[in-house]
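# Commentary on secondary and tertiary structure
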Amino acid sequence: MSFDATYARELPLVESKASFREIDDAIIKPTEEKPRKGWWVAFGISFTALMIGAYCLGLTFYYGIGMWGNNQPVSWAFGIINFVFWIGIGHAGTLISAILHLFRQKWRTGIARFAEAMTIFAVMTAGIFPVIHTGRPWLAGYLLPLPNQNGVWVNFISPLLWDVFAVSTYFTISFLFWSLGLIPDIATMRDKAKNGVKKTIYKVLALGWSGSNRSWSNYERAYLILAGISTPLVLSVHSIVSFDFAVSVIPGWHTTIFPPYFVAGAIFSGFGMVSTILIIVRKVFGMEHIITVNHLEKMNKILLATGMMVGYAYSMEFFIAWYSGNTFEMFVFINRAMGPYAWSYWTMITCNVILPQLFWFKKIRRNIPITFVLVIFVNVGMWFERFVIIITSLHRDFLPASWAMFYPSLVDLGLLLGSFGFFFTFLLLFLKFLPLVSIAELKAVVEGAQPTIHPHPNGSNGKH
Amino acid sequence: MKKLLNKITELLSKEDNEPRSKKLYGLASLYNTPDEIIKAAAAVAGRGFEKFDVYTPYPLHGMDDAMGMEKPKIGYVSFVFGFLGLILVLLMMWWMSGIDYQNIIGGKPFFSLPPSIPITFEGTVLLTGIATTIGLIILFAKLPSINSPIQDTEFMGRVTSDKFGIVVKADDEKFIPDDVKLLFQTAGAFEIQEIYYRESNLTNKTPLFNGKFFVAIIGTAVVTAIVSYFTLNWVLYDVVPFDWMWKQDRIDAQSKTNFFPNNSGMRMPVNGTIARGFLPYEYKGMPDSSVRLLANPLAVSKESLERGQDRYNIFCSPCHGYYGEGDGRLRDQFPKPPSLHNQKVMNWTDGNIYHVITNGQNVMPSYAEQISVNDRWNIVNYIRVLQRSKNASDEDLTKAK
């Protein structure tokens, strides 16, 4: 219990001691009311973006990926940039829900559910890109080792195949983790709902959860196990994504620093996205007392730390290029910082390394408008990081005769926009229909929620 | 539409208003604070009750001890399935790429451990996660139990929100209603309720998860499978872009097109074009006698004979037969050619046979378009071998010794 005692001295997790009923009401309210105007506006925008993306996707399907700006030698471009970008966004969710759970960081309760939902939608968005990049996505079944007429199996030593396994496992586990967390909350909503369609749906989804302690006991252990396996999983996923590059022989990709560098970058970008959205959501849904400034400050600290990690990786790449004495390697990095794509490189450095340094100041960490601007920059910077890694390494490779510039086509831009539309449409539906904070977990950490005595059936009364 | 929805809801929520039977399921009590409930739970367990449970809106620390429960066992499920996942995935990769279909990729071993680690890891995690979740839901939390007697009671409404409750089931050996009530009261319960079975619990009929429900699910699956099979294989078969790239923006040979002035898709080579290895034949159309001087430029060698055999078997054997006896596979469908072992051909110069291949002879067509100059001579060499072996003498045997 000493742990909780120290914790109590910290800032409270939920501002102003709320009763359980109030917590229920506050969190369930958005799902019961008719959506507000702000929600409709947001939904309208994201749905329009989604439709633009769908149109571009249709063009891509019909005419093939010749509609994109990809060329030789830049054969990977927006498709893969967007894939890595969205997968990275997802990682913050798992980090918050699993890793912080293992470290018993109770402040995570306010944001975990939301971050997990974000993970799922981000992975869904990410998953679209490699599949459409194959050109004929309706044949994507061949990505899996399924028996087929040709009798041939997939190539198990290709990092691209590892990706298939990593991303699909990641999606499945995140989804299970998230659904498991939802069951008790849906039970609460079920018992709160009046008769009707809603109640029936909740009833089915809650599976008849009763909150029995014999269930809770195993539930908590299962949750811990899922957190325990998600933690190495999330590290493996982005490591494997980085293998897509690192296992090739392209200068600028072929480096051993890629796995940790990608993981740090993923967490950085994910936290950027979580903050961006939470800042809006807590305002719109009036949850400032549940998702507090303290949460945002803690996330800003993580942004500062991971921002410096990627900064370290950027500089270490340069150092190794020089230290290796490999002319190709050196050329690629000089070309990054001073070649035709220098503007993107310096955008990346400014957004990811320089601007987050402002988070050293407590005033700035706790200032919501400034934080909002900075996290937007982080999102932009991390998108450009992938742009820099992919485009600058490819556009000038070994043979100067085959150098070329990459220019995105309108369809490329439409798909990028569409990916945001897809993500936010799902996110908004989630915000509308499901509790965006874990009700059960939140109740468990408010003051006075846990017993102060620990009796045993044989009569001994353990007092702490 | 709305009517339909209401109807479904009505059907599904029938059990809400379903009359309860007279049979007692158990006694429920409600408490206000975590301390009260944990004390009450210890008291109930201390009395020796076994079929009871505590209901809380969130997990309470120390409740397992208070109830005298064993440690959660879900971990075993995770471990067993995780281990199984590890072995299965590793075996799968070993069998698929190491045994069943060996593919040479960059000269690497068909199966080796290091590149198998990522997928093995993912498989382990995947199976652990799925088994843990399903195991928890079905084995440990005993869900789905939508129709359980405590669902849809006032008691349930409180314990999933802000109160804490205990239920002692009536089928516990020590269950005596008044005793239990007294126990609850002394433990500080602010409310005690009796919970009765639903009618359907006693007849073992669950309104939602019944046979019809599963038939509906399986039916949907079957219909979806059939519909998608026919859309993919019959409807979309001929529709761009699902047509396996059969239709493409290109002009096929021998097809009509407006692109070229003569509306022909076929492009003819520029006049005077000569393909490599197909030098024009100077005695074209001339009688045999004129080619006596045409000399065989190729020395007899193993390569030449092998190549000659190969070409002969492809181009000549259909009519002339594998040994030149005129008994080819086209028997009765084409005029039977004479044997190549007749005296006339035996006496011919190489140039003469070459002339027949290049120029054709009566019904036998010219092979100048199909067979390169060099290969024609290779065939000639090979025919010589056939002739020699068909007309071998006893001396040859002794010579060979």
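Residues numbered from 1 in each chain as written. Chains lettered and ligands numbered in written order. Predicted model: local features only at pLDDT ≥ 70, side-chain atom pairs only at ≥ 80, totals over all residues. Heavy atoms only, no water.

## Describing the overall build of chain A
Along the backbone of chain A there are 16 helices and two strands. Over its C-alpha atoms chain A spans a radius of gyration of 24 Å, differing by no more than 12% from the 23 Å that the globule rule assigns to 464 residues. Viewed in the frame of its principal axes, chain A has a C-alpha envelope of about 80 × 50 × 45 Å. Carbon together with sulfur atoms contributes 71% to the accessible area of chain A, which is approximately 18300 Å² in total. (Helix = DSSP H or I, 4+ residues; strand = E, 2+ residues; numbered from the N terminus. Rg over C-alpha atoms; globule rule 2.2 N^0.38 Å. Areas by Shrake-Rupley, 256 points an atom, 1.4 Å probe, with all protein chains shown as cover.)

## Considerations on the overall build of chain B
Helix and strand content of chain B: 14 helices and four strands. Compactness check: chain B gives a C-alpha radius of gyration of 45 Å against a globular reference of 21 Å for 401 residues, more than 25% above the reference. Reported as C-alpha extents along the three principal axes, the dimensions of chain B are approximately 130 × 65 × 40 Å. Looking at chain B residue by residue over its 401 residues, the buried ones come to 37%. (Buried < 20%, exposed > 50% of the residue type's maximum accessible area, 1.4 Å probe, protein only.)

## Let's talk about the packing of aromatic side chains
All names here are of chain A. Going through the model one piece at a time under the given rule, you end up with 67 aromatic pairs over all chains. Relative to F243, the ring of W162 has its centre 5.7 Å away and its plane inclined at 80°; by these criteria the two rings are edge-to-face. Of the two residues, W162 is situated in helix α6 (residues 159–192) and F243 in helix α8 (residues 213–246); the sequence distance between them amounts to 81 residues. Taking the relative accessible area as the measure of exposure, F243 reaches 23% and is therefore partly exposed. Ring centres of F319 and Y323 lie 5.2 Å apart, and the angle between their planes is 20°; this geometry places the pair in the stacked category. Remark: Y323 and F319 occur in helix α10 (residues 293–324); sequence separation between them is four residues, near one turn of the helix. For F319, a relative accessible area of 38% puts it in the partly exposed group. The exposed category is assigned to Y323, whose relative accessible area is 60%. Taken together, W76, F245, W253, F258, Y261, F262 and Y314 form an aromatic cluster joined through their ring pairs. (Phe/Tyr/Trp six-rings, centres within 6.5 Å; stacked < 30°, edge-to-face > 60°.)

## Thoughts on the sheet that holds strand β2 (residues 52–55) of chain B
Whenever strands of a sheet pair, they do so through backbone hydrogen bonds, lying parallel or antiparallel. Residue and element names in this part refer to chain B. Strand order in the open sheet formed by four strands is β2-β3-β1-β4, with antiparallel pairing between adjacent strands. The strands lining the two open edges of the sheet, one partner per strand, are β2 and β4 (191–198). In this sheet, adjacent strand axes meet at a mean angle of 30° when their direction is disregarded. In this sheet, strand β3 (residues 164–169) lies alongside strand β1 (residues 20–31) in antiparallel orientation, the contact comprising six bridges. Paired with L30 across the bridge in β3 is G165. On the sheet, helix α7 (residues 177–187) packs against β1, β3 and β4 and is oriented at approximately 20° with respect to β1. (Pairing = 2+ DSSP bridges. Axes fitted to C-alpha atoms, helices over the stretch in contact; angles between N-to-C directions. Contact = heavy atoms within 4.5 Å.)

## Section: the side chain of S419(A)
Here S419(A) shows up in helix α15 (residues 410–433). In this structure S419(A) touches W86(A), T125(A) and F129(A), once residues within four positions along its chain are discounted.

## Looking at the confidence of the model for chain A
Residues and elements named next belong to chain A. Averaged over every residue, the pLDDT of chain A is 88; residues scoring 70 or more account for 95%. Here helix α1 (residues 2–9) is the element of chain A with the lowest mean pLDDT, 38, and helix α12 (residues 342–354) is the one with the highest, 94. A low-confidence stretch, residues 1–11 (pLDDT under 50), is modelled with nine contacts involving residues beyond four sequence positions or located in other chains. (pLDDT = per-residue confidence, 0-100.)

## Quick notes on the domain arrangement of chain B
When cut into domains, chain B gives domain 1 (16–209), domain 2 (210–278) and domain 3 (288–400). Here the C-alpha centre of domain 3 of chain B lies 44 Å away from the C-alpha centre of domain 2 of chain B. (Domains from an automatic or database assignment.)

## Some thoughts on helix α5 (residues 117–140) of chain B
With 24 residues, α5(B) should cover 34 Å at 1.5 Å per step; its first-to-last C-alpha distance of 32 Å lies within 8% of that length. Looking at the residues trailing α5(B), positive phi occurs at K142(B), about 50°. (Expected span 1.5 Å × (residues − 1).)

## Section: the packing of helix α4 (residues 78–102) of chain A against α15(A)
All names here are of chain A. Running from amino to carboxyl end, α4 crosses α15 at an angle of 20°, the nearest separation of the two axes being 10 Å. In terms of orientation, α4 lies roughly parallel with respect to α15. Where α4 crosses over α15, the handedness of that crossing is right-handed. Residue-level inspection shows F78, N82, F85 and W86 of α4 in contact with α15, the latter providing D412, L413, L416, S419, F420 and F423. Across the contact of α4 with α15, the residue classes tally to seven nonpolar, two polar and one charged. (Parallel < 35°, antiparallel > 145°, perpendicular 65-115°, else oblique. Left-handed = near helix turned anticlockwise from the far one by under 90°. Nonpolar A, V, L, I, M, F, W, Y, C, P; charged D, E, K, R; others polar.)

## Some thoughts on the nonpolar core
F114(A) and I166(B) are the most contacted members of the largest nonpolar core, which has 183 residues in total. A total of 16 residues in this core trace back to one element, the largest contributor, which is α6(A). When sequence neighbours within four positions are dropped, the list of residues in contact with F114(A) reads V274(A), I277(A), L278(A), V281(A), L427(A), F430(A), L431(A) and L436(A). C316(B), L340(B), Y367(B) and Y382(B) belong to the second largest nonpolar core, which has 21 residues in total. (Core = buried A, V, L, I, M, F, W, Y, C linked by side-chain atoms within 4.5 Å.)

## With respect to a nonpolar patch on the surface
Side chains of F79(B), V80(B), F81(B), F83(B), L84(B), L86(B), I87(B), L88(B), L91(B), W94(B), W95(B) and I99(B) sit close together on the surface and give an oily, nonpolar patch of about 1100 Å² of accessible area. Its place among the elements puts F83(B) in helix α4 (residues 74–100). (Patch = residues over 30% accessible without salt bridge, like charges linked within 9 Å, V, L, I, M, F, W, Y side chains within 5 Å. Salt bridge = Lys/Arg side-chain N within 4 Å of Asp/Glu carboxyl O.)

## Remarks on the pattern of salt bridges
All names here are of chain A. Here the structure, examined in full by the defined rule, presents 24 salt bridges over all chains. Where E33 meets R36, a salt bridge forms, and the shortest distance between an N and an O atom there is 3.9 Å. The shortest N-O distance in the salt bridge between E297 and R365 comes to 3.2 Å. Taken together, the residues span a long stretch of sequence, with E297 in helix α10 and R365 in helix α13 (residues 362–365) at a distance of 68 residues. Taking the relative accessible area as the measure of exposure, R365 reaches 12% and is therefore buried.

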